[in-house]
Amino acid sequence: MIGHLGVEPLAAKAIATSLIGAVVWIFAFLIFGTTSLVASQYGSRNYAACGEIFRHALVLGVGGGLAVASLLFLFAAELYALMGATPAVAAQGVPYFRIRCATIPMLFSIYAAVGFLRGIQNTFSPMLVAFLMSGVNIVLDYALIYGGFGFPALGLRGAAVAAVAGHALGILLYMRLLFFSDYTGLYQLMSRKLHLRRFRNISRIAGHLAVRTAGLRLSLVFATAMVARMGPVYLAAYEIVFQLFIFCSDTIDGLAVAGQTLVARHLGAGDARRAQRLGRMLVVWGCAGGAAFGLAYLTLQEPLLALFTSSLAVAELARTEAFLLLVLLQPLNGIVFALDGFILGAHDTRFLMWAMLAGGLLLFVPLTGMSFYLGLGLFGVWGGFSLFMLHRLVANLWRLSSGRWEGAFAGYHASRGG
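Rules and cut-offs
- Residues numbered from 1 in each chain as written.
- Predicted model: local features only at pLDDT ≥ 70, side-chain atom pairs only at ≥ 80, totals over all residues.
- Heavy atoms only, no water.
- Helix = DSSP H or I, 4+ residues; strand = E, 2+ residues; numbered from the N terminus.
- Contact = heavy atoms within 4.5 Å.
- Expected span 1.5 Å × (residues − 1).
- Bend = angle between axes of the 7 residues up to and from the residue.
- Patch = residues over 30% accessible without salt bridge, like charges linked within 9 Å, V, L, I, M, F, W, Y side chains within 5 Å.
- Areas by Shrake-Rupley, 256 points an atom, 1.4 Å probe, with all protein chains shown as cover.
- Salt bridge = Lys/Arg side-chain N within 4 Å of Asp/Glu carboxyl O.
- Buried < 20%, exposed > 50% of the residue type's maximum accessible area, 1.4 Å probe, protein only.
- Phe/Tyr/Trp six-rings, centres within 6.5 Å; stacked < 30°, edge-to-face > 60°.
- Core = buried A, V, L, I, M, F, W, Y, C linked by side-chain atoms within 4.5 Å.

**Student:** Describe in detail the environment of Gly268, supporting the description with residues and values.
**Tutor:** Considering the arrangement of structural elements, one finds Gly268 in helix α11 (residues 232-268). Note: C-alpha distance between Gly268 and Leu37 (231 residues apart in sequence) is 9.4 Å. Excluding residues within four positions of it along the chain, Gly268 makes contact with Ser40, Gly43, Ser44 and Phe409.

Quick look at the structure:
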């Protein structure tokens, strides 16, 4: 919907997405780390430990969310200037960005809740809550951006308000589910006990995942900053292609979540052979899912571009310089996403951290910089991103076949007494 407001609002939203994503996803360990830790304890039937892990993750989410939101709100204008936003883009982007900051503490708390529920093999509830949040967000987007249903037309700011409302609904639903349901008794979620030992246990996986995610998001922020310097049309086209990539990633993430929870559960129960078989299945499923997305994008190219933007210049740029690479990349992406979940389930986070840093900071960032300074445009940036994903594919396949993930899981629990 934002794309039809014009080039500047879409560019402003692209910068906000990049900035918030760079910081927010550093805290993705609240989902992924919590899921792995809870699932391994669930596999060994230590239900009290599952609830203890969640309580500590929730404290980290609330405290970290408030701190991050405050800093981003205070330095919003400076961050837009650092990203190379034009005055017209910054004028619309800064107010939008500051309103969106209110979602961050809520989002971090939701991360902890989702991680816990996935770990105890409840993936239906997070899916249902996500659908309800998205539905409210979409309806309010229409109402507040364009003034539908008698609401005032707030433009880009309306999109930010809709996002806040959607996240607030999610918090209410998770609190009802976790603290006022049958889960409370079995997992002792209402207990107020906190232990430094548990924070230390979480910190190892959290540190690896935070550094890994920081490397990825900083690479993407750098790419956005370079594209922003090419002009609003380039930035808008980049945002369209990147959002299609993220849509595939988030959808196939269902495979990664299933892989992560089941691998952690199998390893927690001492069944490494079953975990290995699951890893091989994830490769096949990931490739098939990615191929389906690639075929869909190729078939629906024109309707998709028309959905995202009414600017002929933006659509033409996305079509000629990035769309084919996006299509060809999807089968490989599907395998990468699926195996990320497998490796996370094995607590092999140190490997994921170093593989991401090598691919992002040593491959993608230099290629993106070269694309800007050599005038390679969006094709050069997206070509660099494609090579980055190919690097991740090779690294993940090697790790799966090497079997070293099993040693990583055993080493983690041996060093912490289980």
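Further notes follow.
**Student:** If you had to explain helix α5 (residues 87-100) to someone new, which residues and values would you point to?
**Tutor:** When the terminal C-alpha atoms of α5 are compared, their 20 Å separation across 14 residues agrees well with the 20 Å that a helix rising 1.5 Å per residue should span. Gly93 marks where α5 bends most, by close to 30°; the proline Pro95 follows one to four residues later.

**Student:** Describe in detail a nonpolar patch on the surface, supporting the description with residues and values.
**Tutor:** On the surface, Phe124, Met127, Leu128, Phe131 and Leu132 cluster together to form a nonpolar patch covering roughly 510 Å² of accessible area. Relative to the helices and strands, Met127 resides in helix α7 (residues 124-146). By relative accessible area, Met127 is classed as partly exposed at 40%.

**Student:** So what about the side chain of Thr34? Which residues, and what values?
**Tutor:** By the element assignment, Thr34 lies in helix α2 (residues 29-43). Each residue touching Thr34, except ones within four places of it in the same chain, is listed here: Phe29, Ile53, Ala57, Ala112, Gly115 and Phe116.

**Student:** Can you tell me about the packing of aromatic side chains, naming the residues and giving the values?
**Tutor:** Enumeration over the complete set of coordinates arrives at 23 aromatic pairs. Relative to Phe245, the ring of Phe242 has its centre 6.1 Å away and its plane inclined at 25°; by these criteria the two rings are stacked. Taken together, the residues span about one helical turn, with Phe242 and Phe245 both in helix α11 at a distance of three residues. Each member of the pair, Phe242 as well as Phe245, is classed as buried. Here Phe351 and Trp398 contribute two aromatic rings whose centre-to-centre distance is 6.1 Å and whose plane-to-plane angle is 40°, an arrangement assigned as tilted. Of this pair, Phe351 sits in helix α16 (residues 349-373) while Trp398 sits in helix α17 (residues 377-402); the two residues are 47 residues apart in sequence, bridging distant segments of the chain. Judged by relative accessible area, which is 13%, Phe351 ranks as buried. An aromatic cluster of at least three residues, connected via ring pairs, comprises Tyr238, Phe242, Phe245, Phe337, Phe364, Trp382, Phe385 and Phe388.

**Student:** Please provide a residue-by-residue account of the nonpolar core, values included.
**Tutor:** Judged by nonpolar contacts, the single largest core of 128 residues is most densely connected at Phe97, Phe116, Tyr238, Tyr297, Trp382 and Phe385. No other element matches the 13 residues that α11 contributes to this core. Setting aside its immediate chain neighbours within four residues, Phe385 contacts Leu220, Phe245, Leu329 and Phe364.

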